[in-house]
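Residue-level structural notes
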Amino acid sequence: MSEPYRYFLIFLGALLIYNILLIRFIALCPLIGVSTQVETSIGMAMSVLFVMTMASAASWVAWNYVLKPLGVGEFLYIPVFILIIASLVQFTEMVIKKVSPPLYRAMGIYLPLITTNCAVLAAATESVKPGFLKLNVAYHFSLPECLVYTIGVALGFGVVIIIFACIRERLETSPVPHTFKGAPIAFIIAALLSLAFMGFANLLGL
Amino acid sequence: MDWSLVWKAAIALGGLALLFGILLAFASRRFRVETDPRLNDLIGALLGSNCGACGYPGCEAAAQAVLDGKDSVDVCVAGGRKVAENVARVMGVEPTMAERGVALVHCIGGLEESVPKAIYQGIDSCAAADKIAGGHKACEYGCLGLGTCMAACPVNAIALDQDHRRWVNRDRCTGCGLCVEACPRHLIQVVPRNQEVLVVCNNRDKGARARQVCSVCCTACKKCEKVCKAGAISIADNRAWIDYDRCTQCGMCIEECPNRCIVRVAPRRRRRRRDLVTAGASSAETGS
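The following paragraphs examine the structure supplied in this document. (Residues numbered from 1 in each chain as written. Chains lettered and ligands numbered in written order. Predicted model: local features only at pLDDT ≥ 70, side-chain atom pairs only at ≥ 80, totals over all residues. Heavy atoms only, no water.)

1. Overview of the overall build of chain A
Looking only at helices and strands, chain A has 9 helices and 0 strands in total. What you see in chain A, going N to C, is helices and strands ordered as α-α-α-α-α-α-α-α-α. Burial status across chain A gives 48% buried among its 206 residues. Within chain A, residue pairs in contact and separated by at least 24 positions form 77% of the contacts whose partners lie at least 6 positions apart. A total accessible area of about 9600 Å² is found for chain A, and carbon and sulfur atoms account for 71% of it. (Helix = DSSP H or I, 4+ residues; strand = E, 2+ residues; numbered from the N terminus. Buried < 20%, exposed > 50% of the residue type's maximum accessible area, 1.4 Å probe, protein only. Contact = heavy atoms within 4.5 Å. Areas by Shrake-Rupley, 256 points an atom, 1.4 Å probe, with all protein chains shown as cover.)

Take a look at the structure:
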């Protein structure tokens, strides 16, 4: 497997084939909660891309230079990654607030949401323990691979949540039966979208 | 058991926590944004529902506007007097509160009074229903009863009963006027709170036609205009209008109106919704 091709596979796998929202159903709360308007879902997607990339890179460093040498990674990685994500979100919020108030107004309300976002934790975890790719059981990402993977996950999150928001905006004016209004119909739509995304399975042998 | 794992874990977690703690402490100093300490108190004093009735994007923006002196302490339209007092306390000034009015729906015709001419099965919105062949209601001016105003109300002051009559809870209504803009038929107005006698019909049809479409309608019979001693009532556009400045709340017109479309609303009296509905159905004593 050539080097660029492997990067491509990692990216595509994270983006579509093992899409974090629709195939693995991680981070359902933003999928249902922040997808009522296209505008807010774009804001959320941008914030997730930003935070997820930073969190995964930091987690990768912490795993490879702190946890693994000490041999405590296997049972300590979740608290450590949560610590990293929470601190990074706080830090990012402060920096953005100071450096770019307009960006803060656009992204600020989503940043605290991301602190407890399971997608970010999942991406951080998998960037050090790649689970899905059928590459090699003992395989570990290098830092560039980890970044490519995380950006793929975040873009997959963004694409799906924006598609979902577009559908939900049109659902607002559709004659949905009273019982199904709101979240129930959103879950049904998510299931249908998920079926569509399952069509990517086994693409390029992934 | 390998006890070395314990101190290794402690070192790893403690070390990283310390590192991030120092980083955050440094960042909070380096990237501090000077904010007025009153800002948080102000946000706490406001309702926090980000309803947007004040015209700002949210409660935080409204609080900022008050701090900057761009707006007065009664910025929160939905919160009314109570919130204005709290905001004034934070700002250390006397509460200046323009007495806001109360919303009034100029129509009390429900399904019983004004039988629909068609069955509407579309988007649950008055604006949409209004656009289709002049609405499904017989009266082309009356309330469509799909609850667009209820959805717009930030304080849940508007209720709808099973006969599609609207009731404004005057204790809850803060007179913010969001429903005024929401109603596609422009039936809602914010009227002075001390005004008790009100016309609750907006039908502009000629008398005979108006009687056809609704049993509680203004037919512009001019009886109220004649009986009014203060000269507060005038007929224009085939309906009665009360000049709130001249009205003495005597209620002569209420007794005179043959179609019961002038009503007296009880000022600031707490009623349960059930009472409102029964009172409205039996007589027109209670206003909407």
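2. Quick word on the nonpolar core
Counting residues in hydrophobic clusters, the biggest one holds 65 residues, and the most contacted among them are L21, M44, M52, L67, F81, F157 and F164 of chain A. Ranked by residue count, the leading element in this core is helix α3 (residues 38-70) of chain A, at 10 residues. The residues touching L21 of chain A, leaving out its near neighbours within four places in the chain, are I26, A27, L31, F157, V160 and I161 of chain A. If you look at the next biggest cluster of nonpolar residues, it comprises 45 residues, including C153, V199, V200 and C201 of chain B. (Core = buried A, V, L, I, M, F, W, Y, C linked by side-chain atoms within 4.5 Å.)

3. Describing the packing of α3 of chain A against helix α8 (residues 143-171) of chain A
Residues and elements named next belong to chain A. Across the interface, α3 lies against α8 with an axial gap of 9 Å and an inter-helix angle of 165°. Classified by the interaxial angle, the pair formed by α3 and α8 is roughly antiparallel. For the crossing formed where α3 meets α8, the hand is right-handed. For the contact of α3 with α8, the per-class residue count stands at 21 nonpolar, 5 polar and 1 charged. (Axes fitted to C-alpha atoms, helices over the stretch in contact; angles between N-to-C directions. Parallel < 35°, antiparallel > 145°, perpendicular 65-115°, else oblique. Left-handed = near helix turned anticlockwise from the far one by under 90°. Nonpolar A, V, L, I, M, F, W, Y, C, P; charged D, E, K, R; others polar.)

4. Observations concerning the interface of chain A and chain B
The interface of chain A with chain B comprises 21 residues on the first partner and 18 residues on the second. At the junction of chain A and chain B, the tally comes to 0 salt bridges. At the boundary of chain A with chain B, the tally comes to 0 residue pairs in polar contact (both at pLDDT 80 or more). Listed by contribution, the elements that provide at least two residues to the side of chain A that touches chain B are α3 and α4 (73-99) of chain A. (Salt bridge = Lys/Arg side-chain N within 4 Å of Asp/Glu carboxyl O. Polar contact = N/O pair within 3.5 Å; in protein donor to acceptor, adjacent residues only side chain to side chain.)

5. Describing unusual backbone geometry
All names here are of chain B. For Q249, which is not glycine, the phi dihedral falls at a positive 60°. Along the chain, Q249 falls in the loop between β7 (239-242) and α10 (252-256). For R260, which is not a glycine, the phi torsion comes out positive at approximately 55°. Within the secondary structure layout, R260 lies in the loop between α10 and β8 (262-264).

6. Here we look at α3 of chain A
Side chains of residues three or four places apart in an α-helix project in the same direction, reflecting 3.6 residues per turn. All names here are of chain A. Relative to the 48 Å expected for 33 residues at 1.5 Å per residue, α3 spans 45 Å between its end C-alpha atoms, a close match to the ideal helical length. The largest bend in α3 is about 40°, located at W63. G71 sits one or two residues past α3 and shows a positive phi near 75°. (Expected span 1.5 Å × (residues − 1). Bend = angle between axes of the 7 residues up to and from the residue.)

7. What about the packing of aromatic side chains?
In total, this model carries 7 aromatic pairs over all chains according to the counting rule given. Between F91 of chain A and F31 of chain B, the ring centres sit 6.3 Å apart and the planes meet at 85°, which makes this aromatic pair edge-to-face. Of this pair, F91 of chain A sits in helix α4 while F31 of chain B is found in the loop between α1 (4-30) and α2 (38-45), placing the two residues in two different chains. Centre to centre, the rings of F197 of chain A and F200 of chain A are 5.5 Å apart; their planes meet at 75°, and the pair counts as edge-to-face. Members of the aromatic cluster, joined through ring pairs, are W63, Y77 and F81 of chain A. For R30 of chain B, the ring lying beneath its charged end belongs to F31 of chain B, and the centroid distance is 5.3 Å. The residue whose ring lies beneath R239 of chain B is W241 of chain B, and the NZ or CZ to ring-centre distance is 3.7 Å. (Phe/Tyr/Trp six-rings, centres within 6.5 Å; stacked < 30°, edge-to-face > 60°. Lys NZ or Arg CZ within 6 Å of the ring centre and 35° of its normal.)

8. A short note on the pairing of strand β1 (residues 102-105) of chain B
All names here are of chain B. With burial as the criterion, each face of β1 is covered, one bearing V102 and L104 and the other bearing A103 and V105. The pairing of β1 with strand β4 (residues 188-191) spans 4 bridges and is classified as antiparallel. Within the sheet, the bridge partner assigned to A103 lies in β4 and is V190. (Pairing = 2+ DSSP bridges.)

9. Some thoughts on the pattern of salt bridges
Residue and element names in this part refer to chain B. Going through the model one piece at a time under the given rule, you end up with 7 salt bridges over all chains. One salt bridge connects D237 with R204, and the closest N-O pair in it is separated by 3.4 Å. Residue D237 is located in the loop between β6 (233-236) and β7, and its partner R204 is located in the loop between β5 (197-199) and α8 (207-213); the two are separated by 33 residues in the primary sequence. Look at R204 and you get partly exposed, because its relative accessible area is 27%.

10. Notes on the side chain of R168 of chain A
Residue and element names in this part refer to chain A. Within the secondary structure, R168 sits in helix α8. Despite its burial, R168 pairs with no opposite charge, the nearest such side chain being E172 at 5.9 Å. Reaching out from R168, the side chain makes a polar contact with the side chain of S35 at a distance of 3.1 Å. (Lys, Arg positive; Asp, Glu negative; His and termini not counted.)

11. Examining the packing of α2 of chain B against helix α4 (residues 80-91) of chain B
Residue and element names in this part refer to chain B. One way to put it is that α2 packs onto α4 with a least axis distance of 9 Å and a crossing angle of 170°. On the basis of the axis angle, α2 is roughly antiparallel to α4. Facing R38, D41, L42 and A45 of α2, the residues of α4 in contact are V83, N86, V87, V90 and M91. Of the residues in the contact of α2 with α4, the class split is 6 nonpolar, 1 polar and 2 charged.

12. Some remarks on the side chain of R6 of chain A
Within the secondary structure, R6 of chain A sits in helix α1 (residues 3-17). Among the polar contacts listed, one links the side chain of R6 of chain A to the side chain of E145 of chain A, at a separation of 2.5 Å.

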